[in-house]
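Fold and geometry: a report
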Amino acid sequence: MKRRQFLAGTAAGTLGTLAGCTDLLQRQSTRAPPLVEDRPGAVYVPTHVEGMEMVGVESSGRYSLALFYSFPHRFWTMDGDRTNKVEIQSDDSLHLMASVWDAETETTIPSSNARMVVADNDSGDVVADRRMWPMLSQNMGFHYGDNVPLSGDGVYETTVNFGPVSVRTTGEFAGAFQEQLSPMFRFEFRQDTLEGQVSFERLPDRQGERDAVEPMSMDRVPTPQLPPAAELPGTVLGEGTSGDAKFVATLLDERPEGIDGDGPYLAVSPRTPYNRFPIPMMALSATLEHDGGTAFEGNLTSTLDPDLKYHYGAAVDGVEDGDRLTITADSPPGVSRHEGYETAFLDMSPVEMDVSL
């Protein structure tokens, strides 16, 4: 082969490769519009909302796990009290997500580790083997997910290893969720299906507003919302806000099964504004002052309960009318965030409530 022919062939191949990369980057840029300028330090409406494709639902014992995919997208992880932006990479094919809940009570389980192994069905090559990030998004609530590179259109097998649950379980959940769930899903991925069937809606008239998009309704998958304050068990002691997170405190005269100690049970339920999604992975403590003294001072333990759902709680000596309850976030939530949550739940001042019984 003559040198000129070789160089011409190489140049053509390079241009073809660059054209392919350019097309991919152009598609990705349309799926990640510029972030809103001057985003509030609170929950806000994102630039866009994406649909998703369900791969399937598998159940074992009390666990149910659903697997979905959507477009690759940016998100933010937590490093202490700071967020780290994860950009869409050139080889990212999709965003793979898993939701897990109790099959009997439809209680979302935001309290474990999930790991995915994705393999090309034809070659057997593993294209992804990694821990899935625990995440919050406005249309899906709490889930586990990450962007994943695939080797092109084809059939893939995904195994999700989940459990055991890493927080205290109480009531009907006491002693439950100690086994591991490892369902395997097989799905066909096609880029044109992703582009043509999964919805993508920009929100130019609402983006940046202090509000949130509605949770997505998904067949066979419960919406991961916490009960309204008025529907929590016990006596609601008060409500407050910190870092745009809503805090509801309630007192149960009888401690749920699985709670050590004496006296009633103080439960604090942090949730996102607007959609009432649970906010896991924070360190909370509380102080209860009575007649100038301290009736309780200590940590609130992350807990999963069928009635209270995900919350933080402790047994206390007692609560009386006129007491002063202070709830302190000793560290902000370590959960990763989709757009619209990345500026919230960071600078969290103590929440103070005057108890009225």
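Note: the structure precedes this text.
A brief report on the enclosed structure follows. (Residues numbered from 1 in each chain as written. Predicted model: local features only at pLDDT ≥ 70, side-chain atom pairs only at ≥ 80, totals over all residues. Heavy atoms only, no water.)

1. Some details on the packing of aromatic side chains
Across all of its chains, the model carries eleven aromatic pairs by this definition. Relative to Phe 177, the ring of Phe 173 has its centre 5.1 Å away and its plane inclined at 70 degrees; by these criteria the two rings are edge-to-face. You'll find Phe 173 and Phe 177 in the same group, each marked buried. Every member of this aromatic cluster is reached through a ring pair, and the members are Tyr 63, Phe 142, Tyr 144, Phe 162, Phe 173 and Phe 177. (Phe/Tyr/Trp six-rings, centres within 6.5 Å; stacked < 30°, edge-to-face > 60°. Buried < 20%, exposed > 50% of the residue type's maximum accessible area, 1.4 Å probe, protein only.)

2. Topic: the environment of His 48
By the element assignment, His 48 lies in strand β1 (residues 48-50). Taking relative accessible area as the criterion, His 48 reaches 10% and is therefore assigned buried. As a C-alpha pair, His 48 and Ser 349 span 301 residues in sequence and 30 Å in three-dimensional space. In terms of polar contacts, His 48 uses its side chain to reach the side chain of Thr 47, at 2.7 Å. (Helix = DSSP H or I, 4+ residues; strand = E, 2+ residues; numbered from the N terminus. Polar contact = N/O pair within 3.5 Å; in protein donor to acceptor, adjacent residues only side chain to side chain.)

3. Remarks on the pairing of strand β9 (residues 141-148)
Burial analysis of β9 places eight of its eight residues in the buried class, the great majority of the element. Relative to β9, strand β6 (residues 94-102) runs antiparallel, the two sharing five bridges. Paired with Ala 98 across the two strands is Tyr 144, which belongs to β9. The hairpin turn running from strand β8 (residues 126-137) into β9, its antiparallel successor, is three residues long. (Pairing = 2+ DSSP bridges.)

4. Describing the pairing of strand β7 (residues 114-120)
The element β7 is extensively covered by neighbouring structure, given that five of its seven residues are classed as buried. The hairpin formed by β7 and β8 contains five residues between the paired strands, and Gly 124 there has a positive phi angle of roughly 80 degrees. Looking at chain direction, β7 and strand β10 (residues 154-162) are connected through seven bridges and run antiparallel. In the strand pairing of β10, Val 118 is matched with Thr 158.

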